[in-house]
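Structure at a glance
Letter by letter, the chains look like this.
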Amino acid sequence: ERMVVQAFTDDQRLIAEAWRSVYEQYYDGKYNRTDWFGLRQAALKKKYASREAVYAELTGMLKKLDDPYTRFLTPNQFAALTNSASGELVGVGLEFDPLPPTVVASDDSPLRIAGVVENSPAAAADPAIKPGDVLIEVDGEAVAGKTADEAIAGVRGEEGTEVV
C-alpha cells in the first residue's frame, strides 16, 4: 500500500515557515492563551487568491497573539525597515514618541513628535516643527488609519526627496 504525500503549495509553505519561526523563537504558550497550533491548521486549510491574501492571513494570525511588538512584514515592508536601519534612506530629522509599530495612528493614539534633529530639514521647516506636534499628513495623505511604520515611512526616502 502506497501513501500519497502532498507537498505544501508556496502559500502554505510561507504560512508554515512563518508559524514555525514564531513558535520556535518567540511564542510563549502561556501568554494570552492563544491556540497558535489551531491558527496554523486553519490557515493551512485555506486557499488564497493572491500573495497579498497570504500576507493578510499572517498579519491576522499575529494580531491574535495580542502582542503589539510581534508583526508580519511583507518583503517590501522588510526592505523599507532594513533600508532605514542601514542608512540607505534618510529622514527629515524628526524623532517620534514611541508607538508600537502595529498600532494604527488615530485621535486616540496620535503620532506625536518627540524631537527635531538640529540642522535637519525639519528644523528648517516653516512653520517650525516642535516637540509635542502631531503628524497629521505626509505629502497630502492622512496619517490616520496607518500604522506608525507606514506613516513614518512617508518621511523617509533617498537623500534629496521632497516631503510636504
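A brief structural summary. (Residues numbered from 1 in each chain as written. Predicted model: local features only at pLDDT ≥ 70, side-chain atom pairs only at ≥ 80, totals over all residues. Heavy atoms only, no water.)

Brief notes about the environment of D97
Put simply, the test is: Only DSSP runs of H or I reaching four residues or more are called helices, and only runs of E reaching two or more are called strands; each is numbered from the N terminus. For this analysis, residues touch if any pair of their heavy atoms sits within 4.5 Å.
Structurally, D97 is set in the loop between β2 (94-96) and β3 (113-116). Residues D97 and G132, spaced 35 residues apart in sequence, show a C-alpha to C-alpha distance of 8.9 Å. The residues touching D97, leaving out its near neighbours within four places in the chain, are R112 and A114.

As for the nonpolar core
Side chains of nonpolar character tend, in soluble globular proteins, to be buried together. Just so we agree on the cut-off: Throughout this description, the term nonpolar core refers to a set of buried Ala, Val, Leu, Ile, Met, Phe, Trp, Tyr and Cys residues connected via side-chain atoms within 4.5 Å. Each residue gets one of three labels from its accessible area relative to the maximum for its type: buried under 20%, exposed over 50%, partly exposed in between, using a 1.4 Å probe on protein chains only.
Of all hydrophobic cores here, the largest spans 17 residues; its most connected members are I15, V22, W36, L58, M61, L62 and L65. Among the secondary structure elements, those contributing two or more residues to this core are α1 (10-25), α2 (36-45) and α3 (51-63). With five residues, the top contributor of residues to this core is α3. Those residues in contact with L58, other than ones at most four positions away along the chain, are L14, I15, A18 and F72. Residues A122, V138, A148 and A151 belong to the second largest nonpolar core, which totals 14 residues.

Here we look at the packing of aromatic side chains
Two aromatic rings, taken as a pair, are described by how far apart their centres are and by the angle between their planes. Our working definition: Each Phe, Tyr or Trp ring, with Trp reduced to its six-membered ring, pairs with another whose centre is within 6.5 Å; inter-plane angles below 30 degrees give stacked pairs, above 60 give edge-to-face pairs, and intermediate values give tilted ones. Over a ring means this: the NZ of a Lys or the CZ of an Arg is within 6 Å of the ring centre and within 35 degrees of the ring normal.
Applying the stated criterion across every chain yields a total of four aromatic pairs. Arranged with centres 6.5 Å apart and planes meeting at 15°, the rings of W19 and W36 form a pair that is stacked. Of the two residues, W19 sits in helix α1 while W36 sits in helix α2, which places them 17 residues apart along the sequence. Accessibility expressed as a relative area gives 9% for W19, which makes it buried. Measuring from centroid to centroid gives 5.4 Å for Y55 and F72, while their planes differ by 40°, and the two rings are tilted. With Y55 in helix α3 and F72 in the loop between α3 and α4 (75-86), this pair connects stretches of sequence that are 17 residues apart. Put simply, the rings of W19, Y23, W36 and F37 pair up and form one aromatic cluster. Here the basic side chain of R40 rests over the ring of W19, its NZ or CZ set 5.1 Å away from the ring centre.

As for the pattern of salt bridges
As a reminder, the rule being used: Salt bridges are defined as contacts in which a side-chain nitrogen from Lys or Arg sits within 4 Å of a carboxyl oxygen from Asp or Glu.
Taken as a whole and assessed by the stated rule, the structure comprises five salt bridges. A salt bridge links R13 to D10, with the shortest nitrogen-to-oxygen separation between them at 2.8 Å. Of the two residues, R13 and D10 both sit in helix α1, three residues apart, roughly one turn of that helix. When its relative accessible area of 33% is taken as the criterion, R13 is described as partly exposed. By relative accessible area, which is 53% here, D10 ends up exposed.

Quick look at unusual backbone geometry
You will see that D66, though not glycine, has its phi angle at about 60°, which is positive. Among the secondary structure elements, D66 is positioned in the loop between α3 and α4. On the basis of relative accessibility, which here comes to 52%, the residue D66 falls in the exposed class.

Quick look at α1
In an α-helix, one turn spans 3.6 residues, which is why side chains three or four residues apart end up on the same side. Put simply, the test is: To estimate how far a helix should reach, multiply one less than its number of residues by 1.5 Å. Arc definition: directions from the helix axis to the C-beta atoms.
Between its first and last C-alpha atoms α1 spans 22 Å; for 16 residues at 1.5 Å apiece the expected length is 22 Å, and the two agree. Burial in α1 covers these residues: D11, Q12, I15, A16, W19 and V22. The arc that holds every buried residue of α1, seen down its axis, measures 135°, which confines them to one face. What points out from α1, more than 90 degrees from its buried face, is the exposed set D10, E24 and Q25. Where the residues of α1 are buried, they touch α2 and α3.

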